[in-house]
Amino acid sequence: MNRSTKRSLSEKQMGYLLIFPALLIILVIAIWPVMRSFWISLHDIRLNDPTKSEIHSSYGLDMERYVSTLPNLLRYVKREADSAQGSSKEKLNALQAQIEQMNTSLNQTGEVASRYQMIDQLLLDFKPVPIELKYVSLSNEQTESIKTSLAEVRAVLLQMSEQKLLSKPEGALGVIQGIEASIIEPNFVGFTYYKKFLTDARMWGALYNTAFFTVISVAIELVLGILIALLINRPFRGRSLVRATVLIPWAIPTVISAMMWKFLYDGQNGIVAYLFEQAGLISDMGMLLTTKAGAMFSVILADVWKTTPFMALLLFAGLQTIPQSLYEAASVDGATRTQQFFRITLPMLKSTILVALLFRTLDAFRVFDLIYTLTGGAPGNSTETISIYAYKTMFAQMSFGEGSALAVIVFLCVVLISIGYVKILGADLLSDGSGK
């Protein structure tokens with residue numbers, strides 16, 4: 001009897017094969033950007049520094065700077081040699097030969113030689129140097145040779161300067177510094193930024209502000225959301241209109257909401273600030289946005305107004321799934337409204353509450369546009385969240401490496417929060433309700 005050589009996939013293998021496209025999409029959409037940010041955070045990338053605007057894993061040379069500075073150094077040494085006598089003249093001639101030898105060795109690479117000529121001609125014609133011509137890679141040996149030659153030339157010039165044998169030594173030393181600056185160092189810094197932020201008081205302050213804002217605002221939104229959900233779940237005339245009205249704050253774009261509240265909090269014309277002052281809650285209208293406590297209270301109040309409808313909408317959907325027969329049976333048994341709420345409503349809403357808390361906690365922890373528009377993190381960074389700190393570092397300071405490190409820290413915090421919800425509050429959050 002001939003045995004078949006063909007092997008068929010098992011049911012388990014077929015299952016993995018079917019979900020592979022979904023896993024691939026998750027990897028590309030969710031995981032790859034985080035891994036890319038982590039990779040960038042290991043490098044010193046600064047958009048305000050042309051030599052650090054990209055990841056450089058090896059040494060390079062800024063050809064525009066090199067071509068524009070090297071001839072100046074040669075001209076200076078030659079001019080000093082022409083006016084010198086005796087041993088000084090010999091030393092300067094030797095320096096000139098050494099610099100020319102350094103340049104000749106570098107130009108032995110065909111790419112450097114061809115670009116040198118093209119860039120030199122562009123500079124003579126006062127034309128910009130294209131970015132594709134500007135940078136060239138160097139080997140470790142070439143880089144070491146340039147650094148050694150420049151260090152030796154600098155040492156001889158300094159010695160002759162101390163002996164008063166040069167007319168303008170500071171000019172040559174400045175040119176040498178310019179040539180050294182044309183050498184692009186590898187910008188891999190490893191975990192330097194992470195070590196820095198572990199001891200950065202501003203980062204910990206931003207993290208505290210974020211945690212405080214998240215805990216207080218989400219707690220208030222949960223309580224108000226349950227009350228509103230219970231209200232709009234009851235039958236009464238005009239219920240549909242009330243349900244639609246409740247969603248208005250959620251429907252308004254966050255930036256517009258923040259600008260609206262900024263006007264309401266205004267220390268001179270803000271109606272909310274005026275009412276708070278008349279009610280005795282604050283002593284001066286200007287306190288809301290100019291003091292640390294007032295600013296934090298203001299952003300929390302604006303966020304509660306904006307996102308409580310989202311919480312209420314989720315909880316209202318959960319209330320709609322509770323069978324009315326449970327309340328009717330409880331009423332027959334003599335249970336009060338309070339007992340029905342704690343014995344029926346809250347247990348049946350557990351999964352909905354956990355999902356709503358997870359969504360709102362993650363959303364509040366990543367808050368940016370509301371606070372950035374309302375206070376900008378002021379006063380004194382008292383409302384600066386970790387997202388705002390990352391934005392300022394990345395775009396205001398143009399330090400993409402540091403900003404990416406903060407973005408990765410935000411990601412790790414979000415992961416910890418998600419794990420906490422799943423582990424501490426119960427597996428019901430991700431279960432299918434079957435208990436498996």
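The coordinates are above.
Residues numbered from 1 in each chain as written. Predicted model: local features only at pLDDT ≥ 70, side-chain atom pairs only at ≥ 80, totals over all residues. Heavy atoms only, no water.

Undergrad: Describe in detail helix 12 (residues 254-264), supporting the description with residues and values.
TA: All of the buried residues along helix 12 are Ser-257, Ala-258, Trp-261 and Leu-264. Projected down its long axis, helix 12 shows its buried positions confined to an angular sector of 120°, all on one face. Relative to its buried face, helix 12 has exposed residues pointing more than 90 degrees away, namely Met-259 and Phe-263. Looking at the buried side of helix 12, the elements it contacts are helix 11 (248-251), helix 13 (271-278), helix 15 (292-319) and helix 19 (369-374). (Buried < 20%, exposed > 50% of the residue type's maximum accessible area, 1.4 Å probe, protein only. Helix = DSSP H or I, 4+ residues; strand = E, 2+ residues; numbered from the N terminus. Arc of directions from axis to C-beta. Contact = heavy atoms within 4.5 Å.)

Undergrad: Before we move on, could you go through the pattern of salt bridges and cite the residues and values that matter?
TA: Scanning all chains against the criterion turns up 13 salt bridges. Across the salt bridge formed by Arg-360 and Glu-221, the nearest N and O atoms sit 2.7 Å from each other. Of this pair, Arg-360 sits in helix 18 (residues 350-365) while Glu-221 sits in helix 9 (residues 201-233); the two residues are 139 residues apart in sequence, bridging distant segments of the chain. Look at the salt bridges and you will find they share partners, linking Glu-221, Asp-303, Arg-360, Asp-363 and Arg-366 into a network. (Salt bridge = Lys/Arg side-chain N within 4 Å of Asp/Glu carboxyl O.)

Undergrad: Tell me about the sheet that holds strand 2 (residues 135-137), residues and numbers included.
TA: Spatially, the three strands line up as an open sheet ordered 2-1-3, and their pairing is antiparallel. Strands at the two margins of the open sheet, each flanked by one partner only, are strand 2 and strand 3 (183-184). Sheet analysis places strand 1 (residues 60-62) next to strand 2, joined by three bridges and oriented antiparallel. By the bridge assignment, Leu-61 is partnered in strand 2 with Val-136. Here helix 2 (residues 63-83) sits on the sheet and contacts strand 1 and strand 2; the angle it forms with strand 1, its principal contact strand, is near 60°. (Pairing = 2+ DSSP bridges. Axes fitted to C-alpha atoms, helices over the stretch in contact; angles between N-to-C directions.)

Undergrad: Talk me through the packing of aromatic side chains; I want residue IDs and the actual numbers.
TA: Going through the model one piece at a time under the given rule, you end up with 16 aromatic pairs. Measuring from centroid to centroid gives 5.7 Å for Trp-261 and Trp-305, while their planes differ by 70°, and the two rings are edge-to-face. Taken as a pair, Trp-261 in helix 12 and Trp-305 in helix 15 lie far apart in primary sequence, 44 residues in all. What makes Trp-261 buried here is its relative accessible area of 8%. (Phe/Tyr/Trp six-rings, centres within 6.5 Å; stacked < 30°, edge-to-face > 60°.)

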